[in-house]
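# Overview (structure and organization)
Each chain, written out:
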Amino acid sequence: MSDTLSLALLDAWLDTARRAADAAAAVHTAWAKRIDVRRADEKSFSDFVSRVDVEAQEAAIAVISGEWPEHAIMAEEEEAAKTAVPTDGTPLWVVDPLDGTTNFLHDHPNYCASVAVTVDGEPVAGCITSAPTGERWWARAGGGAFRSGRPIRVSPIERIDQALMATGFMFRGTNQVEQFAREIVTVRSSGAGIRRGGAAAMDLCYVADGRFEGYWEGFLNPWDYAAGVLIVREAGGVVTRADGSAIGLEPGSIMAANSAAMAETLLGLLGGPAGD
């Protein structure tokens, strides 16, 4: 898909994605530490999170709409989140204004803003900005991946027993709890270490820059992973669904790895065939 797009256009979209993600992250900084978890009831939590999410999303969308008013937008906190993916070549921006909400509320540094632009369902430029760490990861199709201005590559580790994996979970029933427990036991029994960070976009960035050798999760929305998928691929990694099938912009599972061989191993542990 990116072969039909000029490098100048991709670079312009990437610049917009970076500024949009930075604008959302600036809202995170402005609101950080302004709620006391010990004294907050459910409504105050909800109101606070909604206000931060909405303001961060408005900041990101203002940047995007100001530059590309004719483009479509899929954003977590709007009805636009239900937007159908255009199939006529119209660019679609996919925005997560705050990934890692619980971490944000507890002043844990694993939270970020994620912005990607896609064409026909494929991400072609994107940026993920972490306000608390000051890190920014970005990529555009065919241009490699970067962290805070420096090129990044996935880890060279090949053995599963030397690997560090990341995971996440969104429990929707007893069956999912049991399935996730089985996956944890199986992957850990392979010798791999496992971490759970609480922000899918950052887990994908950590695969891209070599901190993790792999990552999987049973269910995510497209705004959780659109930018991260591109960043991992441009850093030399592999991303599929957790059953090895192609990943698009529909809600579902995800699996990322530093190589095709590691993907095959991880998919085998999770019970699915290797992806391309």
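The structure under discussion appears in the preceding block.
Note that this is a predicted model, so its numbers are computed, not measured.

### Side note on the sheet that holds strand 9 (residues 193–195)
- Judged by pairing direction, the sheet is mixed, and its 5 strands sit side by side in the order 9-8-10-12-11 without closing on themselves. This sheet does not close on itself; its edge strands, each paired only once, are strand 9 and strand 11 (238–240). Across the sheet, the mean angle separating the axes of adjacent strands is 15 degrees when strand polarity is ignored.
- When strand 11 meets strand 12 (residues 252–257), the two strands line up antiparallel, connected through 3 bridges. Bridge pairing links Val-238 to Ala-257 in strand 12.
- Taken strand by strand, helix 5 (residues 200–208) contacts strand 8 (164–168), strand 10 (214–220) and strand 12, and its axis lies near 155 degrees from that of strand 10.
- Sitting on the sheet, helix 6 (residues 222–234) is in contact with strand 10, strand 11 and strand 12, with an inclination near 150 degrees to strand 11.

### Overview of the nonpolar core
- Of all hydrophobic cores here, the largest spans 39 residues; its most connected members are Ile-128, Trp-137, Tyr-215, Ile-231 and Ile-254.
- Elements supplying a minimum of two residues to this core: strand 1 (72–75), strand 2 (92–99), strand 3 (112–119), strand 5 (135–140), helix 5, strand 10, helix 6 and strand 12.
- Ile-64, Phe-104, Leu-105 and Trp-138 belong to the second-largest nonpolar core, a separate cluster that totals 37 residues.

### A short note on the sheet that holds strand 2
- Taken in spatial order, the 7 strands line up as 1-2-3-4-5-6-7 in an open sheet, and their pairing is mixed. Two strands close off the open sheet at either side, each with one partner strand: strand 1 and strand 7 (150–152). For this sheet the average axis-to-axis angle between neighbouring strands, irrespective of direction, equals 20 degrees.
- In the sheet, strand 1 pairs with strand 2 via 4 bridges, with the strands oriented parallel. What sits directly across from Ile-73, in strand 2, is Trp-93.
- Packed on one face of the sheet, helix 1 (residues 7–31) meets strand 2, strand 3, strand 4 (122–130) and strand 5 and runs near 30 degrees to strand 4.
- Helix-sheet contacts for helix 6 involve strand 1, strand 2, strand 3, strand 4, strand 5, strand 6 (145–147) and strand 7, and the interaxial angle to strand 4 is about 100 degrees.

### Observations concerning the packing of helix 5 against helix 6
- Where helix 5 contacts helix 6, the axes come no closer than 8 Å and their chain directions differ by 5 degrees. Here helix 6 runs roughly parallel to helix 5, going by the angle between their axes. Across the interface between the two elements, Ala-200, Ala-201, Leu-204, Cys-205, Val-207 and Ala-208 of helix 5 pack against Asp-224, Tyr-225, Gly-228, Val-229, Ile-231 and Val-232 of helix 6.
- Classifying every residue of the contact of helix 5 with helix 6 by side-chain character gives 10 nonpolar, 1 polar and 1 charged.

What counts as what
Residues numbered from 1 in each chain as written. Predicted model: local features only at pLDDT ≥ 70, side-chain atom pairs only at ≥ 80, totals over all residues. Heavy atoms only, no water. Pairing = 2+ DSSP bridges. Helix = DSSP H or I, 4+ residues; strand = E, 2+ residues; numbered from the N terminus. Axes fitted to C-alpha atoms, helices over the stretch in contact; angles between N-to-C directions. Contact = heavy atoms within 4.5 Å. Core = buried A, V, L, I, M, F, W, Y, C linked by side-chain atoms within 4.5 Å. Buried < 20%, exposed > 50% of the residue type's maximum accessible area, 1.4 Å probe, protein only. Parallel < 35°, antiparallel > 145°, perpendicular 65-115°, else oblique. Nonpolar A, V, L, I, M, F, W, Y, C, P; charged D, E, K, R; others polar.

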